[in-house]
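Residue-level listing of the chains:
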Amino acid sequence: MIATDDGGRTWRALARPTEDALRDVFFSDQKTGWLVCERSLYALSRMEEARSYLLKTTDGGASWARVEVTGADAGVVLTRVVFADAQRGWALGEMGALYATRDGGATWARQRVPTQHLLLGASFLDPSQGWLVGAGATVLETSDGGAEWRGVGEVAGALDAARLNAVSFVDARRGWAVGSGGVVVSTANGGRTWARQQSGTDADLSDVKFFDAREGWAVGARGTILRTEDGGATWAQVESGTTHPLERLAFTTRARGWAVGFGGTVLAYAPANAQAPRINN
């Protein structure tokens, strides 16, 4: 693990909080963050041990505490964790597994979803309104914090590939999802219908973030970085200087962002004279 205190100009190594694989990271503020951890099958001493768990920090990563999520579902593998605010969060993964917390991660409960596909991405506008995407062209939506999840959208017909890796909504109507084979799809009605956009690449896309209905970014395999300034009507490739796969995007403002990926790759984006509204995660 590495950390920065100066916007990415310098990075320092942190003590690794676990020997298990780290699958995802999410920080809700400067101090509070989460890691998704996965244990190797060969490291389990008994089958009842959880394959996946979370680590939580409340001091910016100086120390981490283990949090059990999956309960009796010991074999479930988690892929992502996301929080809508300090209290409401979700962890998602294989076979349609979805767990929710209402108390900042102290307790977790499994939510019922109408799929058994692998879940890979999530976008929440607030603790009530959110979307999930995953394999099998899966798109799910909730408007009540996950008490009910609904399959939405005529998505499959818009796709040549079946795996959606990430999703980003800027309001209750406008959203985008990206996936394998350079797939980008967008919706203007909350996910009821989706349209394919021309990304200009066949590289698998791993993450997407939009500031508003016009400006957005996507990253993926072969060091691919895409940017749009017209809501995805056109996408332009941005030179990344690497061929390593890029897996995650993070922005604190429109003028400050990072892409991270294979081989310890960390790319920083900080254009001059840029405005700085908040981005939707």
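Details of the structure are given in the entry above.
Residues numbered from 1 in each chain as written. Predicted model: local features only at pLDDT ≥ 70, side-chain atom pairs only at ≥ 80, totals over all residues. Heavy atoms only, no water.

Undergrad: Teacher, can you tell me more about the pairing of strand β19 (residues 205–210) here?
TA: Each regular strand carries side chains that alternate between the two faces of the sheet. Burial within β19 is extensive, with six of its six residues counted as buried. Of the strand pairs in this sheet, β19 and strand β20 (residues 216–220) are connected by five bridges, and their pairing is antiparallel. Residue Phe210 lies in a different strand from β20, and its bridge partner there is Gly216. Hairpin geometry of β19 and β20 is characterised by an intervening segment of five residues between the two adjacent antiparallel strands. (Buried < 20%, exposed > 50% of the residue type's maximum accessible area, 1.4 Å probe, protein only. Helix = DSSP H or I, 4+ residues; strand = E, 2+ residues; numbered from the N terminus. Pairing = 2+ DSSP bridges.)

Undergrad: Quick question: what am I supposed to make of the sheet that holds strand β15 (residues 164–169) here?
TA: The strands that make up a sheet are held in pairs by hydrogen bonds between backbone atoms, and each pair lies either parallel or antiparallel. The sheet built from four strands is open, its strands ordered β15-β16-β17-β18 with antiparallel pairing. If you trace the sheet from one side to the other, it starts and ends with β15 and β18 (195–197), each paired once. Across the sheet, the mean angle from the axis of one strand to that of its neighbour is 25°, orientation sign disregarded. As judged from the four bridges shared by strand β16 (residues 175–179) and strand β17 (residues 184–187), these two strands associate in the antiparallel manner. By the bridge assignment for β17, Ala177 is matched with Val185. (Axes fitted to C-alpha atoms, helices over the stretch in contact; angles between N-to-C directions.)

Undergrad: I would appreciate a short explanation of the nonpolar core in the present structure.
TA: Considering soluble globular proteins, one finds that nonpolar side chains tend to be buried as a cluster. Among the nonpolar cores identified, the biggest contains 26 residues, and Leu54, Leu98, Trp108, Leu132 and Trp149 are the most heavily contacted of them. Of all the elements in the fold, those that place two or more residues in this core are β4 (33–38), β7 (78–83), β8 (89–93), β9 (98–101) and β11 (119–124). It is β7 that provides the largest number of residues to this core, a total of four residues. (Core = buried A, V, L, I, M, F, W, Y, C linked by side-chain atoms within 4.5 Å.)

Undergrad: Which parts of the structure should I look at to understand unusual backbone geometry?
TA: It is generally the case that most residues other than glycine have a negative phi and that most peptide bonds are trans. Despite not being glycine, Met95 has its phi angle at roughly 55°, a positive value. A positive phi is found at Arg222, a non-glycine position, where the angle reads about 60°. Note that Arg222 resides in the loop between β20 and β21 (225–228).

Undergrad: Can you walk me through the packing of aromatic side chains in this structure?
TA: Pairs of aromatic rings are described using the distance from one ring centre to the other and the angle between the two planes. Taken as a whole and judged by the stated rule, the model has 14 aromatic pairs. Measuring from ring centre to ring centre gives 4.9 Å for Trp34 and Phe83, while their planes differ by 15°; the resulting arrangement is stacked. Residue Trp34 is located in strand β4, and its partner Phe83 is located in strand β7; the two are separated by 49 residues in the primary sequence. There is no split in this pair, since Trp34 and Phe83 are both buried. For the ring pair Phe83 and Trp108, a centre distance of 6.2 Å and an interplane angle of 85° mean the geometry is edge-to-face. (Phe/Tyr/Trp six-rings, centres within 6.5 Å; stacked < 30°, edge-to-face > 60°.)

Undergrad: Please explain the side chain of Asp20 as it appears in this structure.
TA: Relative to the helices and strands, Asp20 is located in the loop between β2 (12–13) and β3 (21–27). The exposure class of Asp20 is buried, given its relative accessible area of 14%. Beyond its immediate stretch of four places on either side in the chain, Asp20 contacts Glu38, Arg39 and Tyr53. (Contact = heavy atoms within 4.5 Å.)

Undergrad: Sorry if this is basic, but what is going on with the environment of Tyr269 here?
TA: Topologically, Tyr269 is positioned in strand β25 (residues 265–269). Tyr269 sits in the partly exposed class, given a relative accessible area of 22%. On a C-alpha basis, the gap between Tyr269 and Ala259 in space is 8.3 Å, while along the polypeptide they are ten residues apart. If we ignore the near neighbours within four places in the chain, the residues touching Tyr269 are Trp217, Arg227, Phe251, Arg254, Ala255, Arg256 and Gly257.

Undergrad: How do you make sense of the sheet that holds strand β6 (residues 65–67) when you look at a structure like this?
TA: Read across the sheet, four strands follow the order β3-β4-β5-β6 without closing on themselves; strand pairing throughout is antiparallel. The open sheet has two edge strands, β3 and β6, and neither has a second partner. On average, each strand axis in the sheet is tilted by 30° relative to the strand beside it, whichever way the strands run. Pairing geometry for β3 and β4, over six bridges, is antiparallel. Residue Asp24 lies in a different strand from β4, and its bridge partner there is Val36.

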